[in-house]
Structure formats: C-alpha cells, structure tokens
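Each chain, letter by letter, is given below.
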Amino acid sequence: MDKKVKVGIVGTGFVGDIHHASFRDWVPNAEVVAVSSPNNASEFAKSRGIPNAYSDYRKMLEDKSIDVVDIGIPNYLHHQVVMDAAKAGKHIIIEKPLCLTLEEADEMIDTCKKEGVLLMYAEELLFAPKYVRAKTLIEEGAIGTPFLAKQSEEHPGPHNAWFWDVNRSGGGVMMDMGCHSIEYTRWVLGRPKVKSVTAFMDTFVHKNKTEGEDHSYAVIEYEGNKIAMIENSWAKGGGVDDRCEIYGDKGHTRADLLRGSSLLTYSEEGYGYAVEKSGVTQGYTFTMFEEIWNYGFPQEMQHFVNCVLGKENCIVTGEDGREVLKIMYAAYQAAGEGRKIEFPYDPPKVNKPIDLWKRGK
Ligand SMILES: NC(=O)c1ccc[n+]([C@@H]2O[C@H](COP(=O)([O-])OP(=O)(O)OC[C@H]3O[C@@H](n4cnc5c(N)ncnc54)[C@H](O)[C@@H]3O)[C@@H](O)[C@H]2O)c1
C-alpha cells in the first residue's frame, strides 16, 4: 500500500466541496487532513470529519505533514496562495484560471520550479470519461487526422458575487469557462502552437449584474492546419450544458457530457436535484447521476496524487494554465479591437484579461 498523500484544501466553497468529496470517496491513497477558509473552515471540517481547520491558510501551510495544497478560491487570490504554498514546500493543485496576469503566471511557475514542487493545473475536462474517450478515439485513428475541435460550456450564470465582479474574477464567461474549452480543445488537437485568435463577446442578459461578458465565441487557429472553436455562456438557462465535437479527415465524433449522460425526466411535482445550475426540477429535466465522476474530478485528483507519488507525469501543468491565459488575453483583445490577433503574441500590460476588451471597445 502506498503512503497516503496528505492534502490541505484552501477554500470551502463550491469547488472545495467537490474536491473534498472526490478525495474522500474515490482516491484511496489520499487523505484530506486540513482545510482553510476565512468564513466556515471549522463547520466544513466538522461536518466532513477533517481533523484540522484554519481560518488563515498561512497557518495551515505550517503543518509539515501536508504534502499537497489544493486551492479553490476566487481567481484574484490564486497567485498569492500558490506563491506562499510553494515557498512552504507544498505541491500545488490550482483551480482554473491559473491567475490574472502572465507576470503572475511566470512567477508562480518559476517559484514552483525553484522550490521543487509540482504546479498542477486543475482542468477536469481532461479527465471526464466521455471526453477522454474522444481523445483516445483520435489516438486510435478513428477519425483520421483531427482538424477541428469545438467545445462549449454554458449555464445561466455563476453562483457567487465574486465571479460577477471583474476585479476579482478577471473577466466574465471567457475567463470563467472559456478556459475549460480552450484547454480541452488544445489537448485533443495535440497542443500545437497558436497561429491566431479571433473572438466575439458581449453582455446580453446580465448587464445589471456585471461589467463582464456573458456570452463569448473564439476561434483559435493552430499550426498544422487545426482550428478550435469555443462558445461559452452565462446567459443560457436549463442547467449546465457541456459538449464537444471533433472533426477529422476520416470521421468525426460528438460528446454531450451531461445531457447525453443523464436521465430525461418529466415531473409535475419537481424533485431534489437535476443537474448543476438547473434551478427548477418541474417539467422536463435532465437528471444527472454520478455527476462529479462524469465531470472527471475524482479521476483528476487521483492523477494529481499519483504525480505527487512520482507514479505519473502531470498531464496539465502551470505552463498549460499560462498558455490558456495567454489565449484568453488574445481573445479579449481580438473582441475589443474587432480584429484577428496573430501569434507570437505578447499581451499589452493590463491588470486583468477583460481590460483588453474594455479598452478596445
Ligand atoms: N473546475 C471547475 O469546473 C470549477 C467550478 C467552479 C469553480 N472553479 C474555480 O474554483 C475557484 C473557486 O470557485 P468556487 O466556485 O469554489 O467559489 P466559491 O465562491 O463557491 O468559494 C470560494 C471559497 O474561497 C474561500 N476564500 C475566499 N477568500 C479566501 C482566502 N483569502 N483564503 C482562503 N479561502 C478563501 C471562501 O471562503 C470560499 O470558501 C475559482 O477559481 C473558480 O474559477 C472551478
């Protein structure tokens, strides 16, 4: 039996809860030994049987037994917490998006290298079983040479105020979910070099809530005659809709992550829970089962734990998070200025990606 990897979670919100459940229920060689959050760490720990709780994550970092720090907190805090965790000698799992600027990304990557710790970029779509099968189909040659990958993640809008505040999130739906679509399509296409980015975005439904865009498209042109098309929405009701379609010269495949895996239910009374961010459960609904597993969170955490144990090489790193962030900068600038952004690309210096959209409009 392997040594158990000891995990300390930073953040007890939506994703902290999912990561905790993933470790607890699916990753036998990991143990969540501590959690930190300024608001409800003790209650979170008590209700889940986690032995230690801290209101300040810096105190948690002093615990020498912790091997890996798993960070699920608002985007503008990612950089500081990663830096502190790396300097404390902890391996790091960081939720998407990596951080707000490329300078922050460079500092995080360099510091982790210097401290000899892993910086693992949490992009669960790379572990979602259906999406993994799409990738292995391509590797088997089922669709020939892939030339186009489309990915979409859409829902009616996020669950907490900080997402809507662009100073804390860095941007709207492109920043929140465009990063999923970019990394998944990059991965299935073999992570070629970017040639250009074009994009369109606007705030259609939530102008009273945010300065951020609530619907976005981008086309990413890669070397080797490959294209990714991504579409993301905070303006689409009916629960999370997550799908991809990949075209090759000898075939194509399409995967609907949630609706294609769920039960189609009609209920006059309504019931407990259908799918993430669906709101209502009356009438026709898509009833998910094993939702966390279908998203790939447990498989993702198992991979990261295996990386900490030296049994696997990390397939999604801080460098990938940096490239995704750079593509998002290009998308905001392309949409703001109404033009194609050619690569190699060095984004103008701003505080956060969405500034390039605002500045160009
Ligand atoms: N991979 C995914 O599908 C996915 C889904 C949701 C969120 N996320 C990402 O996870 C991160 C967190 O999102 P969320 O939905 O859990 O947000 P949330 O608002 O539900 O929870 C945020 C948590 O951060 C904690 N926090 C705030 N300031 C803190 C600080 N200084 N130190 C420690 N903890 C602090 C809060 O107490 C709260 O527990 C974001 O970066 C988001 O983009 C990823």
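Residues numbered from 1 in each chain as written. Predicted model: local features only at pLDDT ≥ 70, side-chain atom pairs only at ≥ 80, totals over all residues.

Draft legend 1. Region of interest: the overall build of the chain. Across its full length, the chain holds 13 helices and 15 strands. What you see for the chain is a C-alpha radius of gyration of 20 Å, in line with the 21 Å of a compact globule of 361 residues. Its C-alpha atoms give the chain principal-axis dimensions of roughly 55 × 50 × 50 Å. Of all intrachain contacts in the chain linking residues separated by at least 6 positions in sequence, the fraction that spans at least 24 positions is 70%. (Helix = DSSP H or I, 4+ residues; strand = E, 2+ residues; numbered from the N terminus. Rg over C-alpha atoms; globule rule 2.2 N^0.38 Å. Contact = placed C-beta atoms within 7 Å.)

Draft legend 2. Fine view of the site of the ligand. Around the ligand, a shell composed of 23 residues is seen, among which Gly13, Phe14, Val15, Glu95 and Asn160 lie nearest. Among the elements that take part in the shell around the ligand, helix H1 (residues 14-26) stands out by supplying three residues, more than any other. Counted by class, the shell around the ligand contains 10 nonpolar, 10 polar and three charged residues. (Near = placed C-beta within 6 Å. Nonpolar A, V, L, I, M, F, W, Y, C, P; charged D, E, K, R; others polar.)

Draft legend 3. Representation of helix H6 (residues 129-140). For H6, which comprises 12 residues, the first-to-last C-alpha distance of 16 Å matches the rise-based estimate of 16 Å (1.5 Å per residue) to within 8%. Those residues of H6 not exposed but buried are Tyr131, Ala134 and Ile138. One side of H6 holds all its buried residues, which, seen down the axis, span an arc of 50°. Residues of H6 that are exposed and point over 90 degrees away from its buried face: Arg133, Thr136, Glu139 and Glu140. Elements in contact with the buried residues of H6: strand S7 (146-154), helix H9 (173-188), strand S11 (241-248) and strand S12 (251-256). Backbone geometry just downstream of H6 places Gly141 in the positive-phi region, at approximately 90°. (Expected span 1.5 Å × (residues − 1). Buried ≥ 20, exposed ≤ 12 C-beta atoms within 10 Å, placed from the backbone. Arc of directions from axis to C-beta.)

Draft legend 4. Inspection of the nonpolar core at higher detail. By size, the foremost hydrophobic cluster in this structure holds 103 residues, and its most contacted members are Ile92, Met120, Val197, Met328 and Ala331. It is helix H12 (residues 318-337) that contributes the most residues to this core, 10 residues altogether. Residues lining this core come from more than one domain, with at least three contributed by each of domain 1 (5-124 + 297-311) and domain 2 (126-295 + 323-342). With near-sequence residues (within four places) excluded, Ala331 lies in contact with Met174, Gly178, Val197, Ala199 and Ala218. (Core = buried A, V, L, I, M, F, W, Y, C linked by C-beta atoms within 7 Å. Domains from an automatic or database assignment.)

Draft legend 5. Representation of the domain arrangement of the chain in the model. Looking at the chain, the domain boundaries give domain 1 (5-124 + 297-311) and domain 2 (126-295 + 323-342). With 21 residues of domain 1 in contact, the opposing surface of domain 2 contributes 19 residues. Those elements that provide at least two residues to the side of domain 1 that touches domain 2 are H1, helix H5 (102-115) and helix H11 (297-308). In terms of residue count, H11 provides more of the side of domain 1 that touches domain 2 than any other element does, five residues in total. Tallied by class, the residues present in the side of domain 1 that touches domain 2 amount to 12 nonpolar, five polar and four charged.

Draft legend 6. Looking closely at the sheet that holds strand S4 (residues 68-71). What the six strands build is an open sheet, ordered S3-S2-S1-S4-S5-S6; its pairing is parallel. Every interior strand has two partners, whereas the edge strands, strand S3 (52-54) and strand S6 (119-122), have only one. Neighbour-to-neighbour, the strand axes of this sheet turn through a mean angle of 25°, independent of strand direction. Pairing of strand S1 (residues 5-10) with S4, which is carried by four bridges, proceeds in the parallel orientation. Within S4, the residue paired with Val10 across the bridge is Ile71. (Pairing = 2+ DSSP bridges. Axes fitted to C-alpha atoms, helices over the stretch in contact; angles between N-to-C directions.)

Draft legend 7. Inspection of the packing of H6 against H9 at higher detail. Contact geometry of H6 with H9 gives a least axis separation of 10 Å together with a crossing angle of 25°. Looking at the two axes, H6 sits roughly parallel to H9. Contact residues: H6 offers Tyr131, Ala134, Lys135 and Ile138, while H9 offers Tyr184, Trp187 and Val188. Considering only residue class, the contact of H6 with H9 consists of six nonpolar, no polar and one charged. (Parallel < 35°, antiparallel > 145°, perpendicular 65-115°, else oblique.)

Draft legend 8. Region of interest: the sheet that holds strand S15 (residues 341-342). Across the sheet, which stays open at both edges, the seven strands sit in the order S12-S11-S7-S10-S9-S8-S15 with mixed pairing between neighbours. Single-partner strands in this sheet number two, and they are S12 and S15. Examined bridge by bridge, S7 and S11 share eight bridges and lie antiparallel to one another. Along S11, the bridge assignment pairs Glu154 with Asp241. Against the sheet, H9 engages S7, strand S8 (194-202), strand S9 (215-222), strand S10 (226-233) and S11, with an angle of about 150° to S10. Where H12 meets the sheet, it contacts S8, S9 and S15, and its direction lies at approximately 55° from that of S8.

Draft legend 9. Summary view of the pairing of S6. Side chains Leu119 and Tyr121 of S6 all project onto a buried face; the interleaved residues Met120 and Ala122 project onto the opposite face, where all are buried too. With four bridges connecting them, strand S5 (residues 91-95) and S6 associate as parallel partners. Across the sheet, Ile94 pairs through a bridge with Tyr121, a residue of S6. Handedness of the crossover joining S5 and S6 through H5 is recorded here as right-handed. (Right-handed = clockwise from strand over helix to strand, strands pointing away.)

Draft legend 10. A look at H9. Compared with an ideal rise of 1.5 Å per residue, which puts 16 residues at 22 Å, H9 spans 22 Å between its outermost C-alpha atoms and is within 8% of the ideal. At Cys179, H9 is deflected by roughly 35°, the largest bend along its length. A positive backbone phi angle near 90° is found at Gly190, which sits one or two residues after H9. (Bend = angle between axes of the 7 residues up to and from the residue.)

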